[in-house]
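Spelled out from the first residue to the last, the chains are:
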2 protein chains.
Amino acid sequence: MGAVPSDLEIAQAATLRPTSDIGAVLDLGVDDLEPYGRHAAKVELEAVGARRPAGKYVVVTAVTPTPLGEGKTTTAVGLVQGLGRLGKRATAVLRQPSLGPVFGIKGGAAGAGWSQIVPMETMNLHLTGDFHAVTAAHNLLAAMLDNHLQHGNALGIAAHSITWGRVLDMNDRALRNIIVGLGGRLDGVPRQARFDITAASEVMTILALSTSLTDLRQRLGRIVVGYTGEGAPVTAEDLKAAGAMAVLLKDAVRPNLLQTLEGQPALIHCGPFGNIATGNSSIVADHVGLSRSDIVVTEAGFGADLGYERFVNVKCRTSGFVPDAAVVVVTVRALKVHSGRFKVVAGKPLPPELLEENPDDVAAGLSNLAHHLDIVAGTGVPAVVAINAFPDDHASEHAVIARFAHQRGVPCAVSTHVADGGAGATALARTVLEATEAGTHLRYTYELDVPLTDKIEALATKVYGAASVDYAPAAASELKRLTDLGFGGLPVLIAKTHLSTTATPADRGAPKGWTLPIREVRLAAGAGYVYVLSGQMQTMPGLGSHPAAERMDLAEDGRIVGLF
Amino acid sequence: MGAVPSDLEIAQAATLRPTSDIGAVLDLGVDDLEPYGRHAAKVELEAVGARRPAGKYVVVTAVTPTPLGEGKTTTAVGLVQGLGRLGKRATAVLRQPSLGPVFGIKGGAAGAGWSQIVPMETMNLHLTGDFHAVTAAHNLLAAMLDNHLQHGNALGIAAHSITWGRVLDMNDRALRNIIVGLGGRLDGVPRQARFDITAASEVMTILALSTSLTDLRQRLGRIVVGYTGEGAPVTAEDLKAAGAMAVLLKDAVRPNLLQTLEGQPALIHCGPFGNIATGNSSIVADHVGLSRSDIVVTEAGFGADLGYERFVNVKCRTSGFVPDAAVVVVTVRALKVHSGRFKVVAGKPLPPELLEENPDDVAAGLSNLAHHLDIVAGTGVPAVVAINAFPDDHASEHAVIARFAHQRGVPCAVSTHVADGGAGATALARTVLEATEAGTHLRYTYELDVPLTDKIEALATKVYGAASVDYAPAAASELKRLTDLGFGGLPVLIAKTHLSTTATPADRGAPKGWTLPIREVRLAAGAGYVYVLSGQMQTMPGLGSHPAAERMDLAEDGRIVGLF
């Protein structure tokens, strides 16, 4: 593999197909597509419900990632391109990147090298404004809530019980803990408050899980913003805010059509946070792809313990769509890190000794891959191991992974899509196609009609490898309270670190026999789940000492530079 | 005049022309227009500079408005439609409405009745996302500023001297005065801060005043966010934020093409606040209209004492474009209120006695019209009085206004464009066309090379009718400090109430001989002006006890309802 030019250079040099051509691949005509800029369009909702989902459904997950990420997005794009080389009508369904990470540490998030979504500037910046619409809808509810307090608080909301914050699509740590409403009598009611990043907004997850405009409207109405002095939930409907929120989200509910570097359809839609939310793209986008192409490749956030688990237990349970295969992305460097012998820090170069040929280091980290394959196996979905190849990898290291997969009976392929585009992913594509023929017997990790604590314990033991769960007293009583309020039938998300399979970020491999602490319990009644926190979850990231924004600019000719 | 259906009903029933047809009126081809949705497009910057501005240039201003507004937007739209009936290629250039007022008290702001911009939902909601881009660019700078404090404050910024706040496009009074950076060591540096509404962002005015992408980039770099301990200004360039801000604003700098209800081009672009900012649409949009149609009709915010004064002294001085006529919109109800005999409250019905036929009440308020005509005359621009007719007006009341204008030698026309569309505005259109033949000898209120205090005094005496200016000690020393720092050559904006010609909102008519208080001085170095506050200026509005948002919703068929 030779040197790869920068992602932005590759993307800017690409010749794009007209959006109408991309739409035609999905049998979407002029009436089905509303153009947003020259190379993006929104798919009309009328086109979503028109056909039955009949295509193959492939989800891309990964081992526990290093802070650098293991290339799930680029593997998903590469796989779609590889399937294209095999003559398949394949569609990528991906999340929209958040501006926070783009301007923070990460730069662009549209794939890498020769496996990217284009226009990458469109994807990484405002796209068609969906995130901004989520921000506006979320903050309208917050403003109406504080306004309700200001104008006499007829609903009797207890200020200390308010759970609804505000959001911005920005990494801005100074907004994590704030006091609002200072000043005079006309300047609001003083209280402690917070901003989260927009990807953490419940509205974002609602958008991703809604199956129709009507469903969206109803979910918005069910959002619980806090409680009365008597402990009764107060909803967005009670505040008469849900209708206006739906008005703001009317366009955002439609998926955005872009393309891969090799001209396949890419539906980019929603971007719920991977820790406290579902970490998956939208049901509506999947529906479009499944009903109008041979195969959909979608990506679930973080490792299989997080995004994939929620893909199955929340997203698929809501949509009714059954995945035909799960691709587990693994990299040599991730397994070396899981050996416990190396430390990788985001924004810093890799340690040079990690790049040296050493199959033993890879083998020492295989327990992590095994764990994620166990998670997938537990759901009854056929797995494929995809080795996302890097220029510094060594064949002996790939061989360790391939041998291990073979021993487990899991098909495995090396993919060089970053350096070679779709041509580098045909082996993976063939392997995936074969796997989708095996047949899925989808098993949820828990049933909905068991107690919330049973759901937590099922996730802890079956998905994370914990031996037991330890509830903080406040968490235990909140679980009971939510059950008493009628929310016991909701699925549960466990917000835990994505940097290990356990609740301890520094853990490597896949430790067993530990105890999962549950410190806090929160409700997302509109999105439709209860989420519990197993540690400090950062819902508003910060910027580093040299944010990616510092290197971005416009060139003389107006072209964007420095957006990697 | 019969009953008029709701604005939204009229707008939704309209048959729109294809955007390409509207573009063709401006001789803009497929390559010059980037579609954003079915009935909006962005005009490429290449098309802006390609031709010389040669069309007639008409600005719409008004008497001192009541809190309900006197219909400048709808008169501007009606006038364009009336000009169309006379066979002229006319273009409307208007500001984008802010979401805050749309969801607050005002509802839609795309005109009224049969003189509206369509699609009105597009105009009133996200449009093409320009306001959101301003929000993002503004808040990126804020995040990078607080991040700079967090990471050691190498520039030595004095936290108490920070002038750069954050913005949201929302009426949210609880964010006026906040404390940020609470929590632990990694959660920012605690300090007092604020959110303004996005329309109040300096970035919005920069966008409106920029003449090119290069000019935009340079203005962003010149933004002063605060001062070092030694009092040296710290800029967005110093924080390495200006390039990334320009990246976020790359698309927002292009004007948006919509249409009037009668199918003329309407360029909707930017929306700087009318009190602390320029209150005018963009120079780039005016340039497109002036270089590609017979006549441009643009609107300046509030009365002639505010938006019009800034139109001349800031916008025209920057662009070099010379207006050929100024339309002063007047309503019977506004002059009745200026009699001092009635009180009008936003969001409440008009007092019934105000609607009774009473020419004497109208005559008693003429001093206000006279004052605004004096302001226009002072700038050397031919004036036209436009009586924006309401169904409850009486002919005898219109006659009072017409007689008065005649006595002053100012042409006057009654316009029924709200009820009758362009057909109701042909008399006004003829009168305006005639006025544009008179010839302008544009006079600025002050020259740039005089001291800041001289500029303030020129505005106070020549535009507001004050006898003197009284500087608070802090304001006087800040004016001196800014002069010492080299900002003395900038134009000055005086932020004062729009509800009277004086600095006292309750004043009616046009009192003379009073003293203008100057309490505070602020710098907008990127936008390129100093602004001084003559009273409490609200830069973050609040919501009323029943915000307009409460009545908005989606109907069964997905159509928006309740957006008046």
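Rules behind the numbers
Residues numbered from 1 in each chain as written. Chains lettered and ligands numbered in written order. Predicted model: local features only at pLDDT ≥ 70, side-chain atom pairs only at ≥ 80, totals over all residues. Heavy atoms only, no water. Helix = DSSP H or I, 4+ residues; strand = E, 2+ residues; numbered from the N terminus. Rg over C-alpha atoms; globule rule 2.2 N^0.38 Å. Buried < 20%, exposed > 50% of the residue type's maximum accessible area, 1.4 Å probe, protein only. Contact = heavy atoms within 4.5 Å. Areas by Shrake-Rupley, 256 points an atom, 1.4 Å probe, with all protein chains shown as cover. Lys, Arg positive; Asp, Glu negative; His and termini not counted. Charge placed at Lys NZ, Arg CZ, Asp CG, Glu CD. Expected span 1.5 Å × (residues − 1). Pairing = 2+ DSSP bridges. Axes fitted to C-alpha atoms, helices over the stretch in contact; angles between N-to-C directions. Buried area = accessible area lost by both parts, 1.4 Å probe. Salt bridge = Lys/Arg side-chain N within 4 Å of Asp/Glu carboxyl O. Polar contact = N/O pair within 3.5 Å; in protein donor to acceptor, adjacent residues only side chain to side chain. Nonpolar A, V, L, I, M, F, W, Y, C, P; charged D, E, K, R; others polar. Domains from an automatic or database assignment. pLDDT = per-residue confidence, 0-100. Phe/Tyr/Trp six-rings, centres within 6.5 Å; stacked < 30°, edge-to-face > 60°. Lys NZ or Arg CZ within 6 Å of the ring centre and 35° of its normal. Least-squares fit on C-alpha atoms with pLDDT ≥ 70 in both. UniProt positions renumbered as here; feature names shortened; annotations may be inferred. Parallel < 35°, antiparallel > 145°, perpendicular 65-115°, else oblique. Left-handed = near helix turned anticlockwise from the far one by under 90°.

Draft legend 1. Structural view of the overall build of chain A. Looking only at helices and strands, chain A has 20 helices and 25 strands in total. Taken over the C-alpha trace, chain A has a radius of gyration of 23 Å; the compact-globule value for 564 residues is 24 Å, and the two agree within 12%. Each principal axis of the C-alpha atoms in chain A carries an extent, and together these give about 70 × 55 × 50 Å. Within the span of chain A, comprising 564 residues, buried residues form 64% of the whole. Partitioning the contacts of chain A with sequence separation of at least 6, the portion at a separation of at least 24 is 76%. Of the accessible surface of chain A, which amounts to about 18300 Å², a share of 52% is contributed by carbon and sulfur atoms. The centroid of the 48 positive side-chain charges in chain A is displaced by 3 Å from the centroid of its 55 negative side-chain charges.

Draft legend 2. Layout of helix H7 (residues 130–150) of chain B. Residues and elements named next belong to chain B. With 21 residues, H7 extends 30 Å between its outermost C-alpha atoms, agreeing within 8% with the 30 Å of an ideal straight helix rising 1.5 Å per residue. Most of H7 sits out of view: 20 of its 21 residues are buried. One or two residues past the end of H7 sits Gly152, with phi positive at roughly 105 degrees.

Draft legend 3. Up close: the environment of Ala326 of chain A. All names here are of chain A. You can see Ala326 is positioned in strand E16 (residues 325–330). Taking the C-alpha atoms as reference, Ala326 lies 10.0 Å from Ala300; in sequence the two are 26 residues apart. Those residues within four positions of Ala326 in sequence are excluded, and the remaining contacts are Val59, Tyr308, Val376, Val381, Pro382, Ala383 and Val384.

Draft legend 4. Layout of the sheet that holds strand E22 (residues 520–524) of chain A. All names here are of chain A. Taken in spatial order, the 3 strands make up an open sheet running E20-E23-E22, and their pairing is mixed. Strands at the two margins of the open sheet, each flanked by one partner only, are strand E20 (492–495) and E22. In this sheet, neighbouring strand axes are inclined to one another by 25 degrees on average, regardless of whether the strands run parallel or antiparallel. Strand direction decides the pairing type here: E20 and strand E23 (residues 529–533), joined by 4 bridges, are parallel. Its bridge partner lying in E23, Leu493 is registered against Tyr531. The sheet contacts of helix H20 (residues 473–487) involve E22 and E23, and relative to E22 the element is tilted by about 25 degrees.

Draft legend 5. Inspection of the interface of chain B and chain A at higher detail. The partner chain A presents 65 residues to the 65 residues of chain B that form the contact. Note on chain B versus chain A: buried area summed over both sides is about 5700 Å², and carbon and sulfur give 65% of it. By the criterion of area lost to chain A, the three top residues of chain B are Arg38, Arg173 and Val247 of chain B, representing 11% of everything that side buries. Our count for the chain B to chain A interface comes out at 8 salt bridges. Ionic pairing is found between Asp172 of chain B and Arg166 of chain A, a salt bridge with its closest N-O pair at 2.7 Å. At the boundary of chain B and chain A, one finds 35 residue pairs in polar contact (both at pLDDT 80 or more). With 10 residues, H7 of chain B is the single largest residue contributor to the side of chain B that touches chain A. For the side of chain B that touches chain A, the class distribution of residues is 33 nonpolar, 16 polar and 16 charged.

Draft legend 6. Broad picture of the domain arrangement of chain A. Residue and element names in this part refer to chain A. Taken domain by domain, chain A holds domain 1 (7–128 + 252–435), domain 2 (131–246) and domain 3 (452–533). In this structure, domain 2 and domain 3 have C-alpha centres spaced 24 Å apart. Contacts between the two partners involve 11 residues from domain 2 and, on the opposite side, 12 residues from domain 3. Carbon and sulfur atoms make up 52% of the surface buried where domain 2 meets domain 3, a total of about 810 Å² over both sides. Its largest share of buried area at the contact with domain 3, domain 2 owes to Glu202, Val224 and Tyr227, together 47% of the area lost on that side. In this assembly, domain 2 and domain 3 are joined by 0 salt bridges. Run the count over domain 2 and domain 3 and you get 6 residue pairs in polar contact (both at pLDDT 80 or more).

Draft legend 7. Looking closely at the confidence of the model for chain A. The share of residues in chain A with pLDDT of 70 or more is 99%, and the mean pLDDT across the chain is 95. Scored by ipTM, the complex comes to 0.96, with pTM at 0.97.

Draft legend 8. Geometry of the packing of aromatic side chains. One pass over the structure, following the stated rule, counts 10 aromatic pairs over all chains. Between Lys496 of chain A and the ring centre of Tyr464 of chain A, over which it is positioned, the NZ or CZ distance is 5.1 Å.

Draft legend 9. Representation of the relation of the copies chain B and chain A in the model. Expressed as a screw operation, the relation of chain B to chain A combines 0.0 Å of axial shift with a rotation of 180 degrees, fitting to an RMSD of 0.0 Å. What the rotation and shift describe, once combined, is the action of a two-fold rotation axis. When C-alpha positions in chain B are compared against the rotation axis, the closest is assigned to Tyr36 of chain B, at 2.1 Å. Taken together, the interface assignments show that 100% of the residues at the interface of chain B recur at the interface of chain A, consistent with an identical surface on both copies.

Draft legend 10. Region of interest: the UniProt feature "binding site: ATP" (unreviewed entry) in chain A. Residue and element names in this part refer to chain A. In the UniProt entry, the feature "binding site: ATP" (unreviewed entry) is given for Thr66, Pro67, Leu68, Gly69, Glu70, Gly71, Lys72 and Thr73. Considering the arrangement of structural elements, one finds Glu70 in the loop between strand E3 (56–62) and helix H4 (72–85). When residues no more than four places from it in sequence are discounted, the contact partners of Glu70 are Pro65, Val329, Thr331, Arg333, Ala334 and Asn388. There is a polar contact of 2.7 Å between the side chain of Glu70 and the side chain of Thr66. Mapped onto the fold, Thr73 is located in helix H4. Among residues more than four places away in sequence, those in contact with Thr73 are Leu94, Ala109, Ala110, Gly111 and Glu299.

Draft legend 11. Examining the sheet that holds strand E20 (residues 492–495) of chain B more closely. Residues and elements named next belong to chain B. Read across the sheet, 3 strands follow the order E20-E23-E22 without closing on themselves; strand pairing throughout is mixed. Each edge of the open sheet is held by one strand with a lone partner, namely E20 and strand E22 (520–524). Here the average twist between neighbouring strands, direction ignored, is 25 degrees. Contacts between helix H19 (residues 452–463) and the sheet are confined to E20 and strand E23 (529–533), with E20 contributing the most and set at about 50 degrees to the helix. Where helix H20 (residues 473–487) meets the sheet, it contacts E22 and E23, and its direction lies at approximately 25 degrees from that of E22.

Draft legend 12. Summary view of the pattern of salt bridges. Scanning all chains against the criterion turns up 60 salt bridges over all chains. Across the pair Arg38 of chain A and Glu44 of chain B runs a salt bridge, and its minimum N-O distance is 2.8 Å. One end of the pair, Arg38 of chain A, is in the loop between strand E1 (33–35) and strand E2 (41–43); the other, Glu44 of chain B, is in the loop between strand E2 (41–43) and helix H3 (45–49), on a second chain. Two residues, Glu309 of chain B and Arg310 of chain B, come together in a salt bridge whose shortest N-O distance is 3.8 Å. Judged by its relative accessible area of 2%, Glu309 of chain B is buried.

Draft legend 13. Just the packing of helix H9 (residues 213–222) of chain B against helix H10 (residues 242–249) of chain B, in detail. Residue and element names in this part refer to chain B. Packing of H9 against H10 brings their axes to within 9 Å, and their N-to-C directions diverge by 135 degrees. One way to sum up the angle between H9 and H10 is to call them oblique. Considering only the axes of H9 and H10, their crossing is right-handed. Contacts from Leu216, Arg217, Leu220 and Gly221 of H9 reach H10 at Ala242, Gly243, Met245, Ala246 and Leu249.

Draft legend 14. A look at the packing of helix H8 (residues 202–209) of chain B against H9 of chain B. All names here are of chain B. Two numbers describe how H8 lies on H9: the axes approach to 9 Å, and their chain directions differ by 150 degrees. Between H8 and H9, the angle is such that the two are roughly antiparallel. When you trace H8 past H9, the crossing you get is right-handed. Between H8, through Val203, Ile206, Leu207 and Leu209, and H9, the contact on the second element is made entirely by Asp215, Leu216, Arg219 and Leu220. Within the contact of H8 with H9, the residues separate by chemical class into 6 nonpolar, no polar and 2 charged.

Draft legend 15. Focus on the side chain of Asp196 of chain A. Residue and element names in this part refer to chain A. As for its position among the elements, Asp196 is in strand E10 (residues 195–197). Only 3.1 Å separates the side chain of Asp196 from the side chain of Arg194, close enough to count as a polar contact. At 2.7 Å, the side chain of Asp196 forms a polar contact with the side chain of Thr539.

Draft legend 16. A look at the pairing of strand E15 (residues 295–299) of chain A. All names here are of chain A. The element E15 is extensively covered by neighbouring structure, given that 5 of its 5 residues are classed as buried. Burial of the side chains of E15 extends over both faces: Ile295, Val297 and Glu299 are buried on one face and Val296 and Thr298 on the other. Bridge count for strand E4 (residues 90–94) against E15 is 4 bridges, and the pairing is parallel. Along E15, the bridge assignment pairs Thr91 with Val296.

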